[in-house]
Amino acid sequence: VLFVFASLVAAQEKKDSRLAEFSPKGTRFRVLLPGTPVESDLRVQGMKARSWRSDEKGQGYALMAIDLPEKLLKEDKRSPEARLEGALSGGLWFSTPNKEEPKKLFLADKYPGLETTATRKNDGRLLRMRTYLIASQIVHLVVLGKPDFLSAGEATKFLESLQVGK
């Protein structure tokens, strides 16, 4: 899933590299993205998902929201943090053999999140991703590019820009 999503990010080229606030229609969150993001409807392991991506010169940005079935959420009695960790470590959201161990992080309003990085085998570019469980959605923020880009200010600013509204 991760590398398919990263391929979608890499396929889209945009010219505007300035980050601007973006709030996807029908969501409660906003992020900073360059240019005009391109929206796609997807299915991830049978679940409805949407992605918004923007790419410039091989450096990609993407936001993805996967809707979790209500039945799944009702049946799982674990804490949100344990649910997110279980989903990620069980390979439900990641299918990358070269991933690093995720690091825990939390949004200001306490939605649980994890960060991981991976190397794409087909072109050697690196992928840095933060994944959050927000209400009934898994939300991915992804940057794709060369190592110096992933640690640069603009990539970090994007990854740290997620805000959740009420």
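Relevant structure appears above.
A brief look at the structure comes next. Bear in mind that the values here come from a model prediction, so they are computed numbers and not experimental data.

### Things to note about the overall build of the chain
- Secondary structure assignment for the chain yields 5 helices and 10 strands.
- Taken across its 166 residues, the chain has 48% of its residues classed as buried.
- The long-range share in the chain, meaning contacts at least 24 apart out of those at least 6 apart in sequence, stands at 51%.
- Surface exposure of the chain reaches about 8,600 Å², of which carbon and sulfur atoms provide 50%.

### Focus on the side chain of Glu-115
- One can find Glu-115 in strand E7 (residues 112-119).
- Classification of Glu-115 as buried rests on a relative accessible area of 7%.
- Of note is the side chain of Glu-115, whose polar atom sits 2.8 Å from the side chain of Arg-128.
- There is a polar contact of 2.7 Å between the side chain of Glu-115 and the side chain of Arg-130.

### Description of the packing of aromatic side chains
- Taken as a whole, this structure holds 2 aromatic pairs when the rule is applied.
- Here the aromatic rings of Tyr-61 and Phe-158 are separated by 5.4 Å at their centres, their planes lie at 90°, and the arrangement is edge-to-face. With Tyr-61 in strand E5 (residues 59-67) and Phe-158 in helix H5 (residues 153-159), this pair connects stretches of sequence that are 97 residues apart. Here Tyr-61 and Phe-158 have matching classes, each one buried.

### A word on the nonpolar core
- Grouped together as the largest cluster of nonpolar side chains are 22 residues, with contacts concentrated most on Val-31, Leu-63, Leu-141, Val-143, Phe-158 and Leu-162.
- Secondary-structure elements contributing two or more residues to this core are strand E2 (29-34), E5, strand E8 (126-134), strand E9 (137-145), helix H4 (147-150) and H5.
- If sequence neighbours within four positions are ignored, Val-31 has contacts with Ala-20, Glu-21, Phe-22, Leu-63, Leu-141, Phe-158, Ser-161 and Leu-162.
- With 11 residues, the next largest nonpolar core counts Val-44, Leu-73, Leu-133 and Ile-138 among its residues.

### Observations concerning the pattern of salt bridges
- Going through the model one piece at a time under the given rule, you end up with 4 salt bridges.
- Close ionic contact of Arg-30 with Glu-21 constitutes a salt bridge, the shortest N to O distance being 3.7 Å.
- You can call Arg-30 partly exposed: its relative accessible area is 29%.
- You can call Glu-21 exposed: its relative accessible area is 57%.
- Among the salt bridges present, the one from Arg-128 reaches Glu-115, with a minimum N-O distance of 2.8 Å. One end of the pair, Arg-128, is in strand E8; the other, Glu-115, is in strand E7, with 13 residues separating them in the sequence.
- Bridged by salt links that share partners, the residues Glu-115, Arg-128 and Arg-130 form one connected network.

Scoring rules and cut-offs
- Residues numbered from 1 in each chain as written.
- Predicted model: local features only at pLDDT ≥ 70, side-chain atom pairs only at ≥ 80, totals over all residues.
- Heavy atoms only, no water.
- Helix = DSSP H or I, 4+ residues; strand = E, 2+ residues; numbered from the N terminus.
- Buried < 20%, exposed > 50% of the residue type's maximum accessible area, 1.4 Å probe, protein only.
- Contact = heavy atoms within 4.5 Å.
- Areas by Shrake-Rupley, 256 points an atom, 1.4 Å probe, with all protein chains shown as cover.
- Polar contact = N/O pair within 3.5 Å; in protein donor to acceptor, adjacent residues only side chain to side chain.
- Phe/Tyr/Trp six-rings, centres within 6.5 Å; stacked < 30°, edge-to-face > 60°.
- Core = buried A, V, L, I, M, F, W, Y, C linked by side-chain atoms within 4.5 Å.
- Salt bridge = Lys/Arg side-chain N within 4 Å of Asp/Glu carboxyl O.

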